[in-house]
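Residue-level listing of the chains:
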Amino acid sequence: MSAVSDRLPAFPWDKLTPFKATAAAHPDGIVDLSVGTPVDPVPELIQKALVEAADSPGYPTVWGTPELRDAITGWVERRLGARDVTHRHVLPIVGSKELVAWLPTQLGLGPGDRVAYPRLAYPTYEVGARLARAEYEVYDDPTELDPEGLKLLWLNSPSNPTGKVLSKADLTRIVAWAREHGILLFSDECYLELGWEADPVSVLHPDVNGGSYDGIVSVHSLSKRSNLAGYRAAFLAGDPAVLSPLLEIRKHGGMMTSAPTQAAVVAALDDDDHVRVQRERYAARRAVLRQALLSHGFRIEHSEASLYLWATRGESCWDTVAHLAERGILVAPGDFYGTAGAEFVRVALTATDERIAAAVRRL
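Draft legend 1. Representation of the overall build of the protein. Tallying secondary structure elements over the protein gives 13 helices and 12 strands in all. Over its C-alpha atoms the protein spans a radius of gyration of 20 Å, differing by no more than 12% from the 21 Å that the globule rule assigns to 363 residues. Structurally, the protein occupies a C-alpha span of about 55 × 50 × 45 Å along its principal axes. The buried share of the protein, taken over its 363 residues, is 54%. In the protein, 75% of the contacts between residues at least 6 apart in sequence involve partners at least 24 apart.

Put into structure tokens, the structure is as follows:
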């Protein structure tokens, strides 16, 4: 056991414990803008679908019900502009984090293989490489990487933590480069429906991939757009030659989404109205919180999409964390996402209207 756990870095969120205690001591209570977990209700139509499927005594399938696959293919074509998507092009997963963490292992990567991800990135990309004992490295522009031995390239647009969005031209260029060098490209697009000052584009769009899904897979989650983080519901879409062996591996491993959750995902993907309502909630919170941070002396970079504001006061991120904790506000230090974030903090929009208003007053 220790041989596996020793490959992993210290769990970053444990470092926030004393700052959380400081923030919690505020007379008006803590405003937790750190982890970014949804707080708004699960839409009623999704809860209803879950309840109606609650009598599910049998094992669910890893590939999901035909209705679930129909819902995924329909959403991918309707929302992302993808074309000719069949059941072979999709695969449900148990939340996107497990996929990110175990993908290099499931791809059979190991020592000598390289995994690359953005310089500022979700920490689990590194964790996945470490679990597989593969090498890992960061990039500013992936096309400047040495392609030799590079087996898995992660894109993340909109970015966690920065909210940066890759343009259609950049995506097209990167997809072409990865294909030229035979590099498998996975695009983490979990925040794609939360664009504010940009309109994020998927690698599944034909303008990006030329009408072919060869060598590319996109990752999508219902955690943020539908408030389903507690359901663990996500899916992959892209190259069947990649998804087919992943399906077989996951069948052997029993990595299946529960049957009630599958029914809930069908309801969530078939309805666009609740996504619009949730977007409006986040847009309102973003507007007031952004202005409050600017008025307090912060500078905000990128943040044109996603559920975060990437903010700096030009000091150590931990000094900023401490400064805000004294005001009862807990945020994530930027160095959780790479050394390039050492002077930034990530401020989540995932708090109730009342708690966001409290943060604005304190700022």
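Now, onward.
Draft legend 2. Representation of the nonpolar core in the model. In terms of nonpolar packing, the biggest core is built from 67 residues, with Leu-33, Trp-154, Phe-186, Leu-236 and Leu-289 touching the most fellow members. Top contributing element to this core by residue count: helix 12 (residues 317–325), with five residues. With near-sequence residues (within four places) excluded, Trp-154 lies in contact with Leu-99, Val-100, Leu-103, Val-115, Ala-116, Tyr-117, Pro-118, Tyr-125, Tyr-139, Phe-186, Asp-188 and Val-219. In this structure, Ala-82, Val-90, Tyr-139 and Leu-145 belong to the second largest nonpolar core, which totals 43 residues.

Draft legend 3. Broad picture of the packing of helix 4 (residues 66–80) against helix 10 (residues 259–269). Direction vectors running N to C along helix 4 and helix 10 enclose 30°, while the axes themselves pass 9 Å from each other. Looking at the two axes, helix 4 sits roughly parallel to helix 10. Like other packed secondary-structure pairs, helix 4 and helix 10 cross with a definite hand, here left-handed. Facing Glu-67, Leu-68, Ala-71, Ile-72, Trp-75 and Arg-78 of helix 4, the residues of helix 10 in contact are Gln-262, Val-265, Val-266 and Leu-269. A per-class count over the contact of helix 4 with helix 10 returns seven nonpolar, one polar and two charged.

Draft legend 4. Inspection of the sheet that holds strand 11 (residues 329–333) at higher detail. Reading across the sheet, the five strands line up as 1-11-12-10-9 and stay open at both edges, with mixed pairing between neighbours. Every interior strand has two partners, whereas the edge strands, strand 1 (31–33) and strand 9 (299–301), have only one. Recorded for the sheet is a direction-independent mean angle of 40° between the axes of neighbouring strands. One ladder, built from three bridges, connects strand 1 with strand 11; its direction is parallel. Within strand 11, the position partnered with Asp-32 by the bridge is Leu-330. On top of the sheet, helix 11 (residues 273–295) reaches strand 1, strand 9, strand 10 (308–312) and strand 12 (344–348); it is set at about 5° to strand 10, its chief contact.

Draft legend 5. Structural context of the pairing of strand 6 (residues 184–188). When you tally the buried positions in strand 6, you get five out of five residues, the bulk of the element. On strand 6, burial covers both faces: Leu-184, Phe-186 and Asp-188 on one face and Leu-185 and Ser-187 on the other are all buried. Direction of pairing for strand 5 (residues 150–156) relative to strand 6: parallel, over a ladder of five bridges. Considered in strand 6, the bridge of Trp-154 is made with Phe-186. In this view, the connection linking strand 5 to its parallel neighbour strand 6 by way of helix 7 (residues 168–180) has right-handed handedness. Taken together, the four bridges between strand 6 and strand 7 (residues 216–221) define a ladder with parallel strand orientation. Each residue of the ladder has a partner; that of Asp-188, found in strand 7, is Val-219.

Draft legend 6. Molecular detail of the packing of aromatic side chains. The final tally for this structure, using the stated rule, is 12 aromatic pairs. The positively charged end of Arg-69 is found above the aromatic ring belonging to Trp-63, 3.8 Å away from the centroid. The ring centre of Phe-298 lies 6.0 Å from the NZ or CZ of Arg-313, which sits over that ring.

Draft legend 7. Region of interest: the sheet that holds strand 2 (residues 90–93). Pairing is mixed in the open sheet, where seven strands are placed in the order 2-8-7-6-5-3-4. Whereas interior strands pair on both sides, the edge strands pair on one side only; in this sheet they are strand 2 and strand 4 (135–139). The sheet shows a mean angle of 20° between the axes of neighbouring strands, direction not considered. Sheet analysis places strand 3 (residues 114–118) next to strand 4, joined by five bridges and oriented parallel. Residue pairing across strands places Ala-116 opposite Glu-137, the latter belonging to strand 4. Contacting strand 5, strand 6 and strand 7, helix 7 crosses the sheet at an angle of about 170° to strand 5.

Draft legend 8. Highlighting the pattern of salt bridges. Taken as a whole and judged by the stated rule, the model has 23 salt bridges. Residue Arg-276 pairs with Glu-280 through a salt bridge whose shortest N-O separation is 3.4 Å. Taken as a pair, Arg-276 and Glu-280 lie in helix 11 at a separation of four residues, close to a single helical turn. Owing to a relative accessible area of 43%, Arg-276 belongs among the partly exposed residues under this scheme. Here Asp-353 ties to Arg-285 by a salt bridge, and the two come within 2.7 Å at their closest N and O atoms.

Draft legend 9. Focus on helix 6 (residues 124–131). Most of helix 6 sits out of view: six of its eight residues are buried. Residues of helix 6 that are buried include every one of Thr-124, Tyr-125, Val-127, Gly-128, Ala-129 and Leu-131, and no others. Directly beyond the C-terminal end of helix 6, a positive phi value near 60° is found at Arg-133.

Definitions and cut-offs
Residues numbered from 1 in each chain as written. Predicted model: local features only at pLDDT ≥ 70, side-chain atom pairs only at ≥ 80, totals over all residues. Heavy atoms only, no water. Helix = DSSP H or I, 4+ residues; strand = E, 2+ residues; numbered from the N terminus. Rg over C-alpha atoms; globule rule 2.2 N^0.38 Å. Buried < 20%, exposed > 50% of the residue type's maximum accessible area, 1.4 Å probe, protein only. Contact = heavy atoms within 4.5 Å. Core = buried A, V, L, I, M, F, W, Y, C linked by side-chain atoms within 4.5 Å. Axes fitted to C-alpha atoms, helices over the stretch in contact; angles between N-to-C directions. Parallel < 35°, antiparallel > 145°, perpendicular 65-115°, else oblique. Left-handed = near helix turned anticlockwise from the far one by under 90°. Nonpolar A, V, L, I, M, F, W, Y, C, P; charged D, E, K, R; others polar. Pairing = 2+ DSSP bridges. Right-handed = clockwise from strand over helix to strand, strands pointing away. Phe/Tyr/Trp six-rings, centres within 6.5 Å; stacked < 30°, edge-to-face > 60°. Lys NZ or Arg CZ within 6 Å of the ring centre and 35° of its normal. Salt bridge = Lys/Arg side-chain N within 4 Å of Asp/Glu carboxyl O.

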